[in-house]
Amino acid sequence: MINTITEHRSIRNFSDKKVDKLILDKIIYAGTRASTTGNMQVYSMIITTGQKLKEQLWEAHFKQNMVKQAPVIVTFCADFNRFNKWCGQRKAIPGYDNFLSFFTAAIDALLVAQNVALASEAFGLGICYLGTTTYMAEKIIEILKLPEYVVPVTTLAIGYPDESPGLTDRLPVEGVIHSETYKDYTPEDIDGIYKEKESLESIKQLLIENKKETLAQVFTDNRYTKKDNIAFSQALLKVLEKQGFMKNE
Ligand SMILES: Cc1cc2nc3c(=O)[nH]c(=O)nc-3n(C[C@H](O)[C@H](O)[C@H](O)COP(=O)(O)O)c2cc1C
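Cut-offs applied
Residues numbered from 1 in each chain as written. Predicted model: local features only at pLDDT ≥ 70, side-chain atom pairs only at ≥ 80, totals over all residues. Heavy atoms only, no water. Helix = DSSP H or I, 4+ residues; strand = E, 2+ residues; numbered from the N terminus. Buried < 20%, exposed > 50% of the residue type's maximum accessible area, 1.4 Å probe, protein only. Contact = heavy atoms within 4.5 Å. Areas by Shrake-Rupley, 256 points an atom, 1.4 Å probe, with all protein chains shown as cover. Lys, Arg positive; Asp, Glu negative; His and termini not counted. Charge placed at Lys NZ, Arg CZ, Asp CG, Glu CD. Pairing = 2+ DSSP bridges. Phe/Tyr/Trp six-rings, centres within 6.5 Å; stacked < 30°, edge-to-face > 60°. Lys NZ or Arg CZ within 6 Å of the ring centre and 35° of its normal. Polar contact = N/O pair within 3.5 Å; in protein donor to acceptor, adjacent residues only side chain to side chain. Core = buried A, V, L, I, M, F, W, Y, C linked by side-chain atoms within 4.5 Å.

A. Structural view of the overall build of the protein. Secondary structure assignment for the protein yields 12 helices and four strands. With the C-alpha coordinates aligned to their principal axes, the bounding extent of the protein is approximately 60 × 50 × 35 Å. A total of 249 residues make up the protein; the buried ones form 37% of that total. Here the contacts in the protein between residues at least 6 apart in sequence split such that 77% fall between residues at least 24 apart. Total accessible area computed for the protein in this model is approximately 15400 Å², and 55% of it derives from carbon and sulfur atoms. Side chains of the protein give 30 positive and 31 negative charges; the mean places of these two sets differ by 8 Å.

Shown next, in the form of structure tokens:
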């Protein structure tokens, strides 16, 4: 298990080899064994294998190649719809139409997703998460016909790898842990934590490609800009409202 976890790398090129149904069933079952809030299982997995729907999802996911290429696309949703219906049918009045309930269900969905990711990798498959799920939630809701109280929170492209990329860098472990209580970072701490990353040859290349002086600027000015973050925040809040999760009073 430790090897599977520590050997993880995202795969963005997939072969056309199909995923055997028995293997996929085991992977999905492993997803359902994740810890889940109050054992409520307030999530759903939408498994898409058909080319037509995959093409629609591909459009929604900013035309990222792997959505069309990977044989299996799984969309993980925060889902209180099933639980609310169960309550309604069992003389119980649900109070799950608020932001906390969305957040609870989103946590559940993410834990399932990571189990599915690791189980896939344990079977020799490759995976890539798709952050475009939250950016384009409204479109994905329409494509996958998600009802009220269901919101997509992440997606995995799953298939056999057609590439073997190296491990990507990580910050040193000491940079991300705190002993007993949080110890805030001094400017020297930040310099030390990011030193190795910033000295990588691949990062230097990235600066040239992005015409930027620092790696941080690649993030703030090119990859995850304030303007985009505000626009996608507004879109996501609208989706939460529409799907019934913003009755907070
Ligand atoms: C929530 C989430 C969303 C992501 N979205 C994308 C994506 O839309 N496209 C992509 O190519 N990679 C995506 N990734 C993969 C990350 O870029 C990748 O995990 C990171 O660069 C580290 O590389 P590694 O997974 O190979 O270790 C996403 C990862 C996470 C956790």
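B. Main features of the pairing of strand 4 (residues 150-159). Burial of strand 4 is extensive: 10 of the 10 residues sit out of reach of the surface. Pairing analysis gives eight bridges linking strand 2 (residues 72-79) to strand 4, with the strands arranged antiparallel. Bridging across to strand 4, V74 finds its partner in L156. Both strand 3 (residues 126-129) and strand 4 contribute to a ladder of four bridges, which runs antiparallel. Within the sheet, the bridge partner assigned to C128 lies in strand 4 and is A157.

C. Main features of the packing of aromatic side chains. Under the definition given, this model contains 13 aromatic pairs. Every member of this aromatic cluster is reached through a ring pair, and the members are F99, F102, F103, Y149 and F245. Lying across the ring of Y160, K17 places its NZ or CZ 4.2 Å from the centre. Over the ring of W58 we find K68, and its NZ or CZ is 3.7 Å from the ring centre.

D. Representation of the environment of I158 within the structure. Checked against the element boundaries, I158 lands in strand 4. Sequence-wise, I158 and V67 are 91 residues apart; in three dimensions their C-alpha atoms are separated by 9.0 Å. Not counting residues up to four positions away in its chain, the partners in contact with I158 are F14, A70, P71, V72, V74, V116, S120, L125, G126 and I127.

E. Region of interest: the side chain of T225. Position of T225 among the secondary structure elements: in the loop between helix 11 (215-223) and helix 12 (226-242). At 3.1 Å, the side chain of T225 forms a polar contact with the backbone nitrogen of D228. If we ignore the near neighbours within four places in the chain, the residues touching T225 are F219 and T220.

F. Expanded view of the nonpolar core. M45, F76, F102, V116 and I158 are the most contacted members of the largest nonpolar core, which totals 56 residues. Per-element accounting of this core gives the leading share, nine residues, to helix 6 (residues 99-122). Residues in contact with F76, not counting those within four places in the same chain, are S44, M45, A109, V112, A113, V116, V151, P152, V153, T154, T155 and L156. In terms of nonpolar packing, the next biggest core, distinct from the first, is built from five residues, I203, L206, L215 and V218 among them.

From the geometry alone we can't say anything about function, so treat these as descriptive.
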